[in-house]
Amino acid sequence: NGSFARRLAKLLDEGDAIWVHDYHLIPLARALRDMGFSNRMGFFLHVPWPPADVASGLPAYEELLRSFAAYDVIGFQTELDAENFLGCIETCGAGRALGNGWCEAFGRRFRVGTFPISIDTSAFAEEARVAEEKRKADEEALKHYKAYDGLPPLPGSAPGADKTPDAVDAARPAFVKAVLAVD
């Protein structure tokens, strides 16, 4: 990020706004601030931000938070990500949330907000919920099958009935085929 900041510095004018995307460039604003730049700088994180108990295990955790604080605005995909970030700032004792999206940490005041872009987060969450319901229903349905010789019984058949793969596949409901094919 230092090398990137030095190259960018040659191109910057005093009034330029800088908008940075994604985790590999988190330290960029701090590098520019250390070089004396006071331009408005914003950052958007496209990946989820974990809660403090998880994030605190990251290498150079406090330095990472200090780098975030060099931005004037920090954007996250979801409210939970923004809340997790603010929780990290407060838990490590670096600063505090001031309300209305403002935060103070490491001697700087900046905004933290939610700006869902790139994906429809509500639709994505609904898709995940529906998939989980289907997975649970499929798992429950499989509990009703008992194995004989390693293959589920054919509906309506007695133990010892024809259990060749073709006979079992023909009698198995479609969802069971899909689930068993994944195994």
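Quick note: structure is the one above.
Here is what the cut-offs are and how they apply
- Residues numbered from 1 in each chain as written.
- Predicted model: local features only at pLDDT ≥ 70, side-chain atom pairs only at ≥ 80, totals over all residues.
- Heavy atoms only, no water.
- Phe/Tyr/Trp six-rings, centres within 6.5 Å; stacked < 30°, edge-to-face > 60°.
- Helix = DSSP H or I, 4+ residues; strand = E, 2+ residues; numbered from the N terminus.
- Buried < 20%, exposed > 50% of the residue type's maximum accessible area, 1.4 Å probe, protein only.

Peer 1: Would you take a moment to explain the packing of aromatic side chains for this structure?
Peer 2: Each aromatic ring pair is summarised here by two numbers: the centre-to-centre distance and the angle between the ring planes. Counted according to the given criterion, the structure contains six aromatic pairs. Seen from their ring centres, Phe43 and Tyr71 are 5.2 Å apart, and the 45 degrees between their planes marks the pair as tilted. In this pair, Phe43 is assigned in strand 2 (residues 41-44) and Tyr71 in the loop between helix 4 (61-69) and strand 3 (73-76), connecting sequence segments 28 residues apart. Of the two residues examined, Phe43 and Tyr71, each falls in the buried class. Consider the rings of Trp49 and Phe85, whose centres lie 6.0 Å apart with planes at 70 degrees: the pair is edge-to-face. Within this pair, whereas Trp49 is found in the loop between strand 2 and helix 3 (52-55), its partner Phe85 is found in helix 5 (residues 79-91), the two being separated by 36 residues in sequence. Looking at Trp49, the relative accessible area reads 6%, which means it is buried. Aromatic ring contacts, followed pair by pair, group Phe43, Trp49, Phe68, Tyr71, Phe76 and Phe85 into a single cluster.

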